[in-house]
Amino acid sequence: MLELRVLRLLLVFLVFAQVKEGLSVPTQAPMEISLTPAKSRRKLQGRFLHITDMHPDPHYRVDSSEKKACHRGKPKEGKRPAGFYGLPFSDCDAPFSLTNYTLDFLDREWADEIDFVIWTGDSARHDNDRRRPRTTAEIYELNRALARKMERVFVRKGIPVVPSIGNNDVWPHNIMMPGPNSITAEFTSIWRAFVPFPSYQVFQRGGYFSVEVIPDSVAVISLNTMYFYDSNTAVGGCARTEPQDPGNLELDWLEVQLQMFRDRGMQVWLSGHIPPSSRNFYSECVSLPRLTTDKMEVGSNALTFALCFSIQYVRYLELSLRYQDTILGHVYGHMNMDHFFLLDAEQLGNRTTGSDDTSFVAVPAVDDDDDDSGDGDGDEDEPASVLKHNKKELYRLLLQEFSDLPRAQNLNHDNYAVVNVAPSVVPTYLPSFRIFAYNTTGEAYLPGQLGGASLDESQPGRPSRSLKALSGGLCADAEHANSWRCHLEEEWHSSPESPSRMNRLWTPLGYAQYTLRKMDEADESHPPKFKLEYLTFPVTSLHPPPKGDGADGNATDNIGAVDAAVSAEAHNGANKFWYPIPRRHLPRMLRNNTLTRSKKFAPYGLEDLTIPSWTALAQRLGRSKAKRLRQKFKQYMYMGAAGEV
């Protein structure tokens, strides 16, 4: 009996000890991102990878027909069969051989050269074959397989990966109910290596999160654009009268995140799958001759009118401009076409459109899966839809937008943000990825009340800027009085001294885009090669400046990027020049400093990727006389497949 009492006392003591230990050391500490510990934090390389829209397809079959979704059948005479690494310029998805080859290449050639990865979704195949409909299980398994590969290639090397949910990562595609739901629960498991543990609760509610990719300095915010997408009929569309709408809740969260990072003196990249675009046309663009309804057929896949990111777009644009001094840039995927566009404050101004919060604009219904309703058994002689009219129209719409910009002397950079849309890995055109370079030197930007320290609220004559103030008399109308634009009164934070406006610490300097070439000639024994398609830098920034130039301020070309590279050399105490793009990743003709210009690889010649640099390029593209530059822009957008545009 005594022994039994002693045993009970011992058990009580052990339980108490366990509880006491549990109070001092949390039992839940799933901070390890894999069973294999990641390496300690690496030295900054000043680069990151943006990759998007891989669309792996487990049913892809070599030598099959494009009209059967590359799942079966033989193409008719004269038609291309599905290749071992995919079928470029087609509607077929990516074989595993392509996705594995791409990630293996990045592992081998680039993993040691980058600091983090932005991965903007669509990691499952399209629903383009009625004989083989997608299932939820297949979608999750494809995402899980890619996530495991991304973890092995990057995370286990200490490289953060920031993924986003795409419209084809859910079933049915384009539809996502308010969370928490089975989708957010599943992706919490699939992305355990990527989503920080403190973000789990928010992620399970909405599928969005943030990661400090450079602790206390730079964060990437992954947005769930499914709650903004006008094709998602399961949500309400961010109306101000619906504060619990999942899109409103997400934008409320985004506002808190941006303010928190700004208060900490950090900089932020915004990322997601579907670009925040209404195609940036004012209401009068509906009446453009080429956009009249007599050129469209009801129910066809030709040009249609869409209200993409309407009310949501107002709030997103307002936050983008309110926190312009904190946001380094906006990177997205989904469209498959390489392009950029501007978010413009004038779109939110005193303009009536016949709708509460919506800027009615004509946009092509450009979707990466316009033909998802097909069964893969169409007419073999029907032309491929890669260059359907609606996709080609994007080029014309962007040029029109650029031509409408004010002249340089009248352009106020406070009014703009820039969205970069990257091409895809899936060979809708050619498989691609981007490497961004950014400045890792200099002093950090410290925001003031309304921008930089030299432009705070005490500066005499500085005008007050907010969405409501910009809306002017519009808010006096009962029709608009309860709209978002008439209730967002917070002051906008912009400064010409911020990293998004001038080259300083964390400013993006440029990117290099790589594409997979000669896919039709490749097979298992003779793989294709990723080669540089183009870069945004001037050629002179790729190498050390000649003696007497650059370091002492006497260089006349590309002062910004050269100074950043020279500063990086001095800051790191290195004996070698910091190359924005490592020389071994450049084509032979660009590997030495004898070449100062290259129309083939560097037609843009941007000193950096600040807002002034992008708006200047947009103005150049807006000039009708800039035929060669426009031709390059079009070539990059369609990768040479739209010569007749």
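Residues numbered from 1 in each chain as written. Predicted model: local features only at pLDDT ≥ 70, side-chain atom pairs only at ≥ 80, totals over all residues. Heavy atoms only, no water.

Our next topic: the sheet that holds strand β5 (residues 218–222). The sheet built from 6 strands is open, its strands ordered β4-β5-β6-β7-β9-β8 with mixed pairing. What marks the edges here is a single partner per strand, and that holds for β4 (209–214) and β8 (339–344). Across the sheet, the axes of successive neighbouring strands diverge by a mean angle of 25°, strand direction being ignored. Bridge count between strand β7 (residues 327–332) and strand β9 (residues 416–421): 3 bridges; the pairing is parallel. Directly across from Tyr332, in β9, lies its bridge partner Val421. Those strands touched by helix α6 (residues 246–263) are β4, β5, β6 (267–271) and β7, and its axis lies near 175° from that of β5. (Pairing = 2+ DSSP bridges. Helix = DSSP H or I, 4+ residues; strand = E, 2+ residues; numbered from the N terminus. Axes fitted to C-alpha atoms, helices over the stretch in contact; angles between N-to-C directions. Contact = heavy atoms within 4.5 Å.)

As a further point, take the packing of helix α3 (residues 136–153) against helix α4 (residues 182–190). The contact between α3 and α4 brings their axes to 10 Å, and the two run at 25°. What the angle tells us is that α3 and α4 run roughly parallel. The handedness of the crossing between α3 and α4 comes out as right-handed. Across the interface between the two elements, Tyr140, Asn143, Arg144 and Ala147 from α3 touch Ser182, Ile183, Glu186, Phe187 and Ile190 from α4. In terms of residue class, the contact of α3 with α4 is made up of 5 nonpolar, 2 polar and 2 charged. (Parallel < 35°, antiparallel > 145°, perpendicular 65-115°, else oblique. Left-handed = near helix turned anticlockwise from the far one by under 90°. Nonpolar A, V, L, I, M, F, W, Y, C, P; charged D, E, K, R; others polar.)

Attention now moves to the environment of Phe194. For Phe194, the location among the structural elements is in the loop between α4 and α5 (200–206). Sequence spacing of Phe194 and Ser210 is 16 residues, and the spatial spacing of their C-alpha atoms is 10.0 Å. With sequence-adjacent residues up to four places away left out, Phe194 is seen in contact with Trp119, Ala147, Met150, Glu151, Val155, Val161, Pro163, Phe209 and Val211.

Let us now look at a positive patch on the surface. Positive charge collects at one region of the surface, where Arg517, Lys518, Lys529, Lys531 and Lys600 lie side by side. Among the secondary structure elements, Lys600 is positioned in the loop between α10 (559–572) and α11 (611–622). The exposure class of Lys600 is exposed, given its relative accessible area of 51%. (Patch = residues over 30% accessible without salt bridge, like charges linked within 9 Å, V, L, I, M, F, W, Y side chains within 5 Å. Areas by Shrake-Rupley, 256 points an atom, 1.4 Å probe, with all protein chains shown as cover. Salt bridge = Lys/Arg side-chain N within 4 Å of Asp/Glu carboxyl O. Lys, Arg positive; Asp, Glu negative; His and termini not counted. Charge placed at Lys NZ, Arg CZ, Asp CG, Glu CD. Buried < 20%, exposed > 50% of the residue type's maximum accessible area, 1.4 Å probe, protein only.)

Attention shifts here to unusual backbone geometry. Peptide bonds are, in most cases, trans, and in most cases residues other than glycine have a negative phi. In this chain, Trp171 is followed by Pro172 through a cis amide linkage whose omega measures -5°. Within the secondary structure, Pro172 sits in the loop between β3 (161–163) and α4. With an omega of 0°, the peptide bond between Gly179 and Pro180 qualifies as cis. Here Pro180 shows up in the loop between β3 and α4. The phi torsion at Phe89 lies on the positive side, around 55°, for a residue other than glycine. By secondary structure assignment, the location of Phe89 is in the loop between β1 (47–51) and α2 (96–109).

Take the side chain of Gln619 next. Relative to the elements of secondary structure, Gln619 occurs in helix α11. For Gln619, the residues in contact, after removing those within four places along its chain, are Leu405, Pro406, Arg407, Ala408 and Leu411.

Let's shift gears to the state of the cysteines. Tallying each qualifying case throughout the model produces 1 disulfide. Residue pairing for Cys70: its cysteine sulfur links by disulfide to Cys92, the two sulfurs lying 2.0 Å apart. The sign of the S-S torsion, about 80°, decides the handedness of the disulfide formed by Cys70 and Cys92: right-handed. Of this pair, Cys70 sits in the loop between β1 and α2 while Cys92 sits in the loop between β1 and α2, and the two are 22 residues apart along the sequence. The pair Cys70 / Cys92 is uniform in exposure class, with both members buried. (Disulfide = S-S within 2.5 Å.)

For the protein, the mean per-residue pLDDT works out to 80, and 70% of the residues sit at or above 70. The model gives residues 9–39 a pLDDT under 50, and that stretch makes 21 contacts with residues more than four places away or in other chains. Note that residues 279–310 has pLDDT below 50 and, in this model, 90 contacts with residues that lie over four places away or in other chains. (pLDDT = per-residue confidence, 0-100.)

The next subject is the environment of Trp119. Within the secondary structure layout, Trp119 lies in strand β2 (residues 116–119). With 65 residues separating them along the chain, Trp119 and Met54 place their C-alpha atoms 9.6 Å apart. If sequence neighbours within four positions are ignored, Trp119 has contacts with Ile51, Met54, Leu146, Ala147, Met150, Val161, Val162, Pro163, Ser164 and Phe194. Separated by 3.4 Å, the side chains of Trp119 and Ser123 make a polar contact. (Polar contact = N/O pair within 3.5 Å; in protein donor to acceptor, adjacent residues only side chain to side chain.)

Turning our attention to the sheet that holds strand β14 (residues 529–535). The 6 strands lie next to each other as β3-β2-β1-β10-β13-β14, forming an open sheet whose pairing is mixed. Taken across any chain shown, the strands that pair with only one partner, and hence form the sheet edges, are β3 and β14. Within the sheet, the average angular offset between the axes of one strand and its neighbour, ignoring direction, is 25°. Sheet analysis places strand β13 (residues 508–517) next to β14, joined by 6 bridges and oriented antiparallel. Paired with Arg517 across the two strands is Lys529, which belongs to β14.

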